[in-house]
Amino acid sequence: MPAPHTPQPPLTVRTFTQRLSATPRGARLARHLALTQLHAWGIPHGSKASDAVAMIVAELAANAVTHGRVPGRDFELRLSLPTGSIRIEVSDTRAETWPPKPGDVRPSCPLDEHGRGLVLVEALADRWEVVDRETAPGKTLRAEVDLPGWLSLNGAGPPA
């Protein structure tokens, strides 16, 4: 005898997507937009999750502008609030160069002027990966920060 069908409450995944110019100004704007969106979703400025996401967005956007820039093409920031975490995705259009994968990131030497961005992402994100970009050429760096207590975020999760 099959189990009776139990209706499940609808699950809303909140998303925010913005294309930005592949410039230092665009990278700064990505960070500010991310913080504003998190606040609108009920994740206050200065919280542990907000601070981690701000740092991850800043590093991934800076990498997109510095290493993934193709003249005349933008990069894309996407935030989503799936069940229990915040997902950050930064996509660029440079397909021929890929960063190291999770677990392959080496700490930089103390006097190096660069090379700390993905070390920070690896330290702050609960999970991250590099994948092919869904649309057009390029790649997407995706990171997730777990969000304890996600059910209390302005109705982000199913009703209790």
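Treat the numbers as computed from the prediction; the structure is a model and nothing was measured.

Reading the values: the criteria
Residues numbered from 1 in each chain as written. Predicted model: local features only at pLDDT ≥ 70, side-chain atom pairs only at ≥ 80, totals over all residues. Heavy atoms only, no water. Helix = DSSP H or I, 4+ residues; strand = E, 2+ residues; numbered from the N terminus. Buried < 20%, exposed > 50% of the residue type's maximum accessible area, 1.4 Å probe, protein only. Contact = heavy atoms within 4.5 Å. Areas by Shrake-Rupley, 256 points an atom, 1.4 Å probe, with all protein chains shown as cover. Axes fitted to C-alpha atoms, helices over the stretch in contact; angles between N-to-C directions. Parallel < 35°, antiparallel > 145°, perpendicular 65-115°, else oblique. Left-handed = near helix turned anticlockwise from the far one by under 90°. Nonpolar A, V, L, I, M, F, W, Y, C, P; charged D, E, K, R; others polar. Pairing = 2+ DSSP bridges. Polar contact = N/O pair within 3.5 Å; in protein donor to acceptor, adjacent residues only side chain to side chain. Salt bridge = Lys/Arg side-chain N within 4 Å of Asp/Glu carboxyl O.

Trainee: Give a detailed account of the overall build of the protein chain, specifying residues and quantitative values.
Mentor: When helices and strands are counted, the protein chain shows 3 helices and 5 strands. Ordered by position in the sequence, the α and β elements of the protein chain form the string β-α-α-β-β-α-β-β. Evaluated residue by residue, the protein chain yields a buried proportion of 41% over its 160 residues. In the protein chain, once contacts between residues fewer than 6 apart in sequence are set aside, the share between residues at least 24 apart is 63%. For the protein chain, the computed accessible surface area is about 9500 Å², with 56% contributed by carbon and sulfur atoms.

Trainee: An account of the packing of helix α2 (residues 48-66) against helix α3 (residues 117-124) is requested, with residue identities and associated values reported.
Mentor: In contact at an axis separation of 9 Å, α2 and α3 are set at 150° when each is read in the N-to-C sense. What the angle tells us is that α2 and α3 run roughly antiparallel. For the crossing formed where α2 meets α3, the hand is left-handed. Contacts between α2 and α3 involve Ala52, Met55, Ile56, Glu59, Leu60 and Asn63 on the former and, on the latter, Gly117, Leu118, Leu120, Val121 and Leu124. Its residues assigned to classes, the contact of α2 with α3 comprises 8 nonpolar, 2 polar and 1 charged.

Trainee: Break down the sheet that holds strand β2 (residues 75-81) for me, citing the residues and quoting the values.
Mentor: Strand pairing in a sheet is mediated by backbone hydrogen bonds. Such pairs are either parallel or antiparallel. Read from one edge of the open sheet, 5 strands run β1-β2-β3-β5-β4, paired in antiparallel fashion. The two strands at the open ends of the sheet, each matched to only one other strand, are β1 (14-20) and β4 (127-132). When strand polarity is set aside, the average angle formed by the axes of neighbouring strands in this sheet is 15°. Where β2 lies against strand β3 (residues 85-92), 5 bridges are found, and the strand directions are antiparallel. The partner of Leu77 across the bridge, within β3, is Val90. Packing against the sheet, α2 makes contact with β2, β3 and β5 (139-146), and its axis sits at approximately 10° to β3.

Trainee: So what's going on with the environment of Arg19? Which residues, and what values?
Mentor: Residue placement: Arg19 occurs in strand β1. Assessed through its relative accessible area of 54%, Arg19 is described here as exposed. Residues Arg19 and Arg73, 54 residues apart in the sequence, show an inter-C-alpha distance of 9.6 Å. A polar contact is formed between the side chain of Arg19 and the side chain of Asp74, at a distance of 3.4 Å.

Trainee: Which residues make up the pattern of salt bridges, and what are the values?
Mentor: Under the criterion given, the structure shown has 8 salt bridges. Notably, a salt bridge pairs Arg94 with Glu96, separated by 3.0 Å at the nearest N-O pair. Residue classification places Arg94 among the partly exposed positions, given a relative accessible area of 24%. For Glu96, a relative accessible area of 60% puts it in the exposed group.

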